[in-house]
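# Observations on the model geometry
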Amino acid sequence: MKGFTLIELSVVIVIIGLIIGGVLVGRDLIASAGIRAQVSQIEKYNATVHTFRTKYGGLPGDLTRADASGFGLYAITYAPYLANPGYGDNNGIINSRNASSTNLAGEPFMFWRQLSDAQIIDGAYGSLLNTAAECGTGGTAENFFPASKIGKGYVEANTAGNGVNYFLIVNLTSLGGCGAGGGAHSTNANALTAQEAYAIDSKIDNGLPGSGTVFAINGAANLNLYASWTTVSAVAGCVASSAYALTQTTQSCSLRFKFQ
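Residues numbered from 1 in each chain as written. Predicted model: local features only at pLDDT ≥ 70, side-chain atom pairs only at ≥ 80, totals over all residues. Heavy atoms only, no water.

## Re the state of the cysteines
Heads up, the condition is: Only a pair of cysteine sulfur atoms within 2.5 Å counts as a disulfide in this structure description. The helix count covers DSSP runs of H or I at least four residues long, the strand count covers runs of E at least two residues long, and both are numbered beginning at the N terminus. Only protein chains enter the accessibility calculation, which uses a 1.4 Å probe. A residue is then buried if its area is under 20% of the maximum for its type, exposed if over 50%, and partly exposed in between.
What the rule picks out here adds up to one disulfide. Disulfide pairing places Cys238 opposite Cys253 at an S-S distance of 2.0 Å. Between Cys238 and Cys253 the disulfide shows an S-S torsion of about 120 degrees. By sign, it is right-handed. Linking Cys238 in the loop between strand E6 (214–217) and strand E7 (239–240) with Cys253 in the loop between strand E8 (243–244) and strand E9 (254–258), this pair joins segments that are 15 residues apart in sequence. For Cys238, a relative accessible area of 0% puts it in the buried group.

Below is the structure:
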């Protein structure tokens, strides 16, 4: 049986190399497209917040019950919570009801509902809000938060203890019941690899996890423990020696973006 000549084998090897190269290039192009889409999504939400504040005189989720109702937007209905922080107190920050809890409730959920009611974002969120506790029960994360454009996790809004509002890319693995404590989602996880976090950070900010307007945090930890905007998570696989651990490939990072 006649075998392949050296020329034929060379041609086959070249073709295989071209196929492998094309696959790798295609994968890189898809990854780059995801990064660009994620950056555009955060920029779009920043612009949306400006539009909302100009039109309604406050931040989404933070409007008082009277103002929200007057504009035809979602407003809390549970009387015992009306005086509580994190339930539409118009203090200029998107704060959760219980700052010491790993669960978010109140304004982080109302934020997306009021933007949906105002019809200035794509999608509709918050229709399943529990009006007795203003937190999410029933449904899935997609019912309450927009999915990130990079295809991993969701975009939330929250605040640091020093009053800095930020968007957050984090993965929600389950939604818990509200209960007496007003908890909302019970389990979080990191959504991004260090490489993805670095690529996003570099396009928006300075590519450093602990300075500027984009910070890396551990999304699997208590989201409300980051009392200072400058608090940086040292979670393994994400940050090492004040830089992104670019050799790591696990989903060990979450990012927060300061409102612009």
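## Section: the side chain of Thr193
Applicable threshold: Should any heavy atoms of two residues lie within 4.5 Å, those residues are counted as being in contact.
Looking at the secondary structure, you find Thr193 in the loop between strand E5 (187–189) and helix H4 (194–204). Since its relative accessible area comes to 9%, Thr193 is described here as buried. Non-local contacts of Thr193, meaning those with residues more than four positions away in its chain, are made with Lys152, Thr249, Thr250, Gln251 and Cys253.

## Looking at the side chain of Asp201
Operational definition: Positive charges are assigned to Lys and Arg, negative charges to Asp and Glu, while His and the chain termini are left out of the count. For this analysis, a salt bridge means a side-chain nitrogen from Lys or Arg found within 4 Å of a carboxyl oxygen belonging to Asp or Glu. For the purposes of these results, a polar contact is taken to be a pair of N or O atoms within 3.5 Å, where, inside protein, one atom must be able to donate a hydrogen and its partner to accept one; residues adjacent in sequence count only when each atom of the pair is a side-chain atom.
Within the fold, Asp201 resides in helix H4. In this structure, Asp201 is buried with no salt-bridge partner, the nearest side chain bearing the opposite charge being Arg256 at 10 Å. Within the structure, Asp201 has its side chain in polar contact with the backbone nitrogen of Gly207 (distance 3.1 Å). There is a polar contact of 2.7 Å between the side chain of Asp201 and the side chain of Tyr244. Residues in contact with Asp201, not counting those within four places in the same chain, are Asn206, Gly207, Leu208, Pro209, Val214 and Tyr244.

## Things to note about the pattern of salt bridges
Pairing between side chains becomes possible if they bear opposite charge and their charged atoms approach one another. Counted under the stated rule, the structure contains three salt bridges. Salt-bridge contacts for Asp117 lead to Arg113; the nearest nitrogen and oxygen are separated by 3.1 Å. Of this pair, Asp117 and Arg113 both sit in helix H3 (residues 107–117), four residues apart, which is roughly one turn of the helix.

## Digging into the nonpolar core
This is how the line gets drawn: Throughout this description, the term nonpolar core refers to a set of buried Ala, Val, Leu, Ile, Met, Phe, Trp, Tyr and Cys residues connected via side-chain atoms within 4.5 Å.
In terms of nonpolar packing, the biggest core is built from 55 residues, with Phe111, Trp112, Phe167, Leu192, Ile200, Leu255 and Phe257 touching the most fellow members. Elements that contribute at least two residues to this core include exactly helix H1 (6–56), H3, strand E3 (154–159), strand E4 (165–174), H4, E6 and E9. Looking at which element gives the most residues to this core, the answer is H1, with seven residues.

## Regarding H3
A turn of α-helix holds 3.6 residues, and therefore any two residues three or four places apart point the same way. When you tally the buried positions in H3, you get 10 out of 11 residues, the bulk of the element. Phi turns positive, to about 60 degrees, at Gln119, one or two residues after H3.

## Points about the environment of Val235
With respect to the helices and strands, Val235 occurs in the loop between E6 and E7. Exposure remark for Val235: the relative accessible area of 17% places this residue in the buried category. Between the C-alpha atoms of Val235 and Ile217, which are 18 residues apart in sequence, the distance is 7.6 Å. Dropping the residues within four chain positions of it, Val235 is found in contact with Asn218 and Ser252.

## Points about H4
Let me state the cut-off plainly: Our arc is simply the arc of the directions from the helix axis toward the C-beta atoms.
Turning to H4, its buried residues number three or more, namely Ala194, Glu196, Ala197, Ile200 and Asp201. Burial along H4 is one-sided: seen end-on, the buried residues are contained in an arc of 160 degrees.

## With respect to the packing of aromatic side chains
Formally: Ring pairs are drawn from Phe, Tyr and Trp, using the six-membered ring of Trp, whenever the two centres fall within 6.5 Å, and their geometry is named by plane angle: stacked under 30 degrees, edge-to-face over 60, tilted for the rest.
Across all of its chains, the model carries 13 aromatic pairs by this definition. Aromatic pair Tyr56 and Phe71: ring centres 4.9 Å apart, planes at 75 degrees, arrangement edge-to-face. Of the two residues, Tyr56 is situated in helix H1 and Phe71 in the loop between helix H2 (65–70) and H3; the sequence distance between them amounts to 15 residues. Taking the relative accessible area as the measure of exposure, Tyr56 reaches 11% and is therefore buried. Ring centres of Tyr198 and Tyr244 lie 6.1 Å apart, and the angle between their planes is 65 degrees; on these two criteria the pair is classed as edge-to-face. Linking Tyr198 in helix H4 with Tyr244 in strand E8, this pair joins segments that are 46 residues apart in sequence. With a relative accessible area of 36%, Tyr198 lands in the partly exposed category. With a relative accessible area of 7%, Tyr244 lands in the buried category. Counting every residue linked through ring pairs, the aromatic cluster contains Tyr45, Phe111, Trp112, Tyr125, Phe167 and Phe259.

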